[in-house]
Each structure stands twice: as C-alpha cells, then as structure tokens.
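Structural characterization, general
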Amino acid sequence: MSSGKLIRWGIASAGKISEDFVIALSTLPASDHQVVAVAARAQERAAEFAKKHGIPTALGSYEELAKSKDVDVVYIGVLNPQHYEVSLLMLNHGKHVLCEKPLAMNKKQVEGILAAAKANKRFFMEAVWSRFFPSYQHVRQLIDTGALGEIKDVQVNFGFPLANVDRLQKRELGGGVVYDLGIYTIQVSQWAFQEPPQKIESTGHTNAEGIDDDVSTTLTYSGGRTARMRISSREKLDNKAIIKGTKGQVTLIDFWTPNKLIDIDGKEKEWLPPKGKHATNYANSEAMRYEAEAVRQSILAGELENKTVSYADSLLFAQIEDTIRKQIGVLNKYDEQ
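Residues numbered from 1 in each chain as written. Predicted model: local features only at pLDDT ≥ 70, side-chain atom pairs only at ≥ 80, totals over all residues. Heavy atoms only, no water.

1. Points about the overall build of the protein chain
Helix and strand content of the protein chain: eleven helices and 14 strands. In summary, the protein chain has a C-alpha radius of gyration of 19 Å against a globular reference of 20 Å for 337 residues, a match within 12%. Overall size of the protein chain, expressed as C-alpha extent along the three principal axes, is 50 × 45 × 40 Å. Evaluated residue by residue, the protein chain yields a buried proportion of 58% over its 337 residues. Restricting to contacts in the protein chain with at least 6 residues of sequence separation, those with at least 24 account for 69%. (Helix = DSSP H or I, 4+ residues; strand = E, 2+ residues; numbered from the N terminus. Rg over C-alpha atoms; globule rule 2.2 N^0.38 Å. Buried < 20%, exposed > 50% of the residue type's maximum accessible area, 1.4 Å probe, protein only. Contact = heavy atoms within 4.5 Å.)

The structure is reproduced here in structure tokens:
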C-alpha cells in the first residue's frame with residue numbers, strides 16, 4: 001500500500017450507484033481514501049466518469065481493473081446478476097472487495113463468493129450501508145445495553161412506485177422487490193433480533209414478467225417474537241422501521257438511509273453526513289462514507305470480514321431471500337444452476 005493509512009479504491013461500473021459511492025468517498029480525507037481507477041464495459045463511459053470525478057485511470061473492462069497493481073480494494077456497483085462473477089474476478093486477482101447488495105442471486109452464489117474471499121485471504125463485505133449509520137449504531141447500543149428490554153416486534157415497510165425502473169421489473173436484470181428492497185427489511189429485522197428466524201411466511205404479487213413487485217412477510221423468532229415486513233414497487237409506503245422492546249421502542253425514519261430516528265424518550269435525534277463535491281443521484285448517498293471507512297479500518301486491521309455485516313449475516317440474508325422467493329413462486333435461472 002502506498003502509505004500506512006491510505007487505501008486505493010477501484011470502481012467496477014460507471015453507473016449511478018458507483019457515482020454516489022465516489023461522491024461519498026470525496027467527503028473523507030484524501031490521505032485515507034483515494035479513487036485511482038474506474039472500469040466499465042464501455043471505455044467511453046469509464047472515461048466520462050473518470051473525467052467528472054478526477055479519477056486518473058479509466059478502463060474498458062473489469063479484467064483490466066482486477067489486474068491493476070495500483071488498486072487495493074474494489075467497490076462493485078454492477079447490476080445484481082453480475083455481482084457473483086465480478087466479485088470472483090476481483091477476489092481471484094487478490095483484490096479486497098465491497099460488493100453492492102443484494103450480494104448474489106441466491107445463497108449458493110453467496111457461498112461461492114465467500115469461499116473465494118477465504119481462499120484468497122482477502123477482505124470481503126456486502127455493502128449493507130444502513131448498518132454503519134450513526135442511527136443504527138445508536139439502536140445497537142440501546143439493544144445491547146438492555147435499554148429497550150427484550151425485543152418483541154419489528155415492523156418495517158419499504159415501498160416506492162418503481163414500475164418504470166427496469167432493473168426492478170425485468171427478469172434478466174435481476175429484478176424483484178425481494179432482491180432490491182427486501183435485503184433492507186431483512187437486515188434491519190436481523191439487526192434487532194440477532195438470531196435466525198424459526199419460521200418465514202410470505203405472500204406476494206408478481207408483475208407481467210412473473211417478477212415480485214409487492215411482498216408481505218412475517219419472520220418468527222424464538223419465543224414467538226416477530227418481524228413484519230412489506231416491500232412494494234407498486235406504491236409508496238411509510239418507509240419506517242419500528243423496533244419494539246419490553247421497555248420501549250425506537251423508530252428509524254427512512255430506515256434504509258436514516259439520518260433521523262425517534263428515540264426511546266420520544267424525541268427525534270439527527271446525524272447529518274457532510275455533502276460531497278457533486279450532487280448524488282439517490283437521496284443521502286453521502287452516508288456511504290460510513291461503510292467505506294469501516295472497510296478501510298478492517299483492511300488496515302488485517303480482517304477478512306467486518307462484524308457489522310459478517311459472512312454469516314450475508315449467508316442468512318440470502319437464505320431468507322431464497323425462502324421468500326420460493327414461497328411466492330419467483331425462481332430464476334440461477335436457482336437451477
């Protein structure tokens with residue numbers, strides 16, 4: 001590495017989420033994080049992206065990025081169905097990896113990625129960014145110190161009218177609300193309960209392509225405690241996560257990107273990330289800075305995983321996603337492989 005503290009990022013894909021990640025990195029010290037290369041399937045797109053964000057190297061293939069000697073860690077922002085192959089490519093070339101969620105198309109693929117990370121002794125994490133927010137860390141503290149008492153119930157809704165967003169609606173793009181939105185509602189339920197659910201019950205609606213666009217699921221944990229989740233690309237929901245314990249409750253507002261929460265005392269608390277050099281494509285993406293810094297800390301400490309989103313977490317998320325899809329009858333070609 002070029003200095004004791006610096007980690008050099010490569011970016012795989014020049015899409016909107018990758019752009020937001022680069023903007024988030026720009027809010028962190030340049031002595032700690034540097035973007036040194038971006039790769040896309042088309043050289044022109046990479047070049048345009050590099051020019052806008054002052055990145056020295058633009059590459060026309062992910063292979064070139066994997067082989068780059070200047071890159072320590074790769075952020076993968078490609079479409080869902082490509083996460084598996086691009087993660088393997090980077091890990092097998094000795095790169096550390098932060099890969100966007102949902103990590104893969106099923107649990108079997110997740111197992112393949114994690115096996116490659118272990119074999120290559122490289123840091124790997126699924127980019128469940130929400131868990132690194134100060135608000136989530138505050139909730140963790142409330143649970144761990146017993147301030148909320150025993151967690152009894154989680155209620156979480158996540159929905160937007162996304163009928164025209166192809167990556168959610170089209171089978172070949174890895175569409176479906178279980179992948180795109182479900183990962184969020186599943187991870188917050190797991191954040192609260194910290195154990196695998198004992199029972200999963202789901203009902204759902206599918207679009208003309210047979211892809212899930214509205215799903216309700218109840219996860220039942222030990223002692224009959226439950227997480228009730230609804231995810232929808234048909235309508236806007238309240239997009240809150242309410243975590244109820246025997247001593248009180250806490251509400252994460254815009255729970256996937258929550259600068260705000262209503263604390264156990266009923267008062268609102270807020271933490272705002274700094275703004276980047278450009279406007280982001282999605283709301284509050286600057287807050288990806290928290291997960292980026294966590295990745296840096298893990299790599300510098302020589303860790304292969306981060307306890308906030310561990311390998312075991314990613315395996316369980318995938319298993320729950322697979323079960324929900326099976327229950328609502330949405331399988332894909334990856335399930336048959």
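Let's pick the thread back up.
2. Section: the packing of aromatic side chains
Applying the stated rule across the entire model yields twelve aromatic pairs. Aromatic side chains phenylalanine 21 and tyrosine 75 sit 4.0 Å apart centroid to centroid with 5 degrees between the ring planes, which places their arrangement in the stacked category. Note that phenylalanine 21 is positioned in helix α1 (residues 16–25) and tyrosine 75 in strand β4 (residues 73–76), a separation of 54 residues in sequence. Its relative accessible area of 0% is what places phenylalanine 21 among the buried residues. When its relative accessible area of 0% is taken as the criterion, tyrosine 75 is described as buried. Sitting over the ring of tryptophan 191, arginine 140 keeps its end group 4.5 Å from the ring centre. (Phe/Tyr/Trp six-rings, centres within 6.5 Å; stacked < 30°, edge-to-face > 60°. Lys NZ or Arg CZ within 6 Å of the ring centre and 35° of its normal.)

3. Focus on the UniProt feature "domain: GFO/IDH/MocA-like oxidoreductase" (unreviewed entry) in the protein chain
On the UniProt side, "domain: GFO/IDH/MocA-like oxidoreductase" (unreviewed entry) is annotated at positions that read residues 136–250 here. Span residues 136–250 is 26% helix and 37% strand, its end C-alpha atoms 11 Å apart. (UniProt positions renumbered as here; feature names shortened; annotations may be inferred.)

4. Let's talk about the UniProt feature "domain: Gfo/Idh/MocA-like oxidoreductase N-terminal" (unreviewed entry) in the protein chain
In the numbering adopted here, UniProt assigns the feature "domain: Gfo/Idh/MocA-like oxidoreductase N-terminal" (unreviewed entry) to residues 7–125. Between the C-alpha atoms that bound residues 7–125 there is a distance of 16 Å. The span itself is 43% helix and 22% strand.

5. Quick word on the side chain of aspartate 32
Note that aspartate 32 resides in the loop between α1 and β2 (33–39). Setting aside residues no more than four positions away along its own chain, aspartate 32 makes contact with Lys5, Leu6, Ile7 and Arg296.

6. Notes on the nonpolar core
Residues Trp9, Phe21, Ile243, Leu252 and Phe255 are the most contacted members of the largest nonpolar core, which totals 76 residues. By residue number, the principal contributor to this core is helix α8 (residues 177–193), which donates ten residues. Built from parts of two domains, this core gets at least three residues from each of domain 1 (7–129) and domain 2 (134–270 + 307–328). For isoleucine 243, the residues in contact, after removing those within four places along its chain, are Val139, Leu148, Ile151, Asp153, Val154, Ala192, Gly248, Gln249, Val250 and Leu252. Core analysis: the next-biggest nonpolar cluster, separate from the first, contains 29 residues, Val71, Ala104, Val110 and Tyr311 among them. (Core = buried A, V, L, I, M, F, W, Y, C linked by side-chain atoms within 4.5 Å. Domains from an automatic or database assignment.)

7. Observations regarding the environment of leucine 168
You can see leucine 168 is positioned in helix α7 (residues 166–169). Judged by relative accessible area, leucine 168 falls into the buried class, the value being 2%. Ignoring sequence-local partners within four residues, the contact set of leucine 168 consists of Leu162, Gly175, Gly176, Val177, Asp180, Ile211 and Ser233.

8. Here we look at the packing of helix α5 (residues 107–120) against helix α10 (residues 311–328)
Where α5 contacts α10, the two axes come as close as 9 Å, and the packing angle between them is 165 degrees. One element, α5, and the other, α10, form an angle in the roughly antiparallel class. The way α5 lies across α10 gives a crossing that is right-handed. Residue-level contacts link Lys107, Val110, Glu111, Leu114, Ala117 and Lys118 of α5 to Tyr311, Ser314, Leu315, Ala318, Gln319 and Asp322 of α10. A per-class count over the contact of α5 with α10 returns six nonpolar, two polar and four charged. (Axes fitted to C-alpha atoms, helices over the stretch in contact; angles between N-to-C directions. Parallel < 35°, antiparallel > 145°, perpendicular 65-115°, else oblique. Left-handed = near helix turned anticlockwise from the far one by under 90°. Nonpolar A, V, L, I, M, F, W, Y, C, P; charged D, E, K, R; others polar.)

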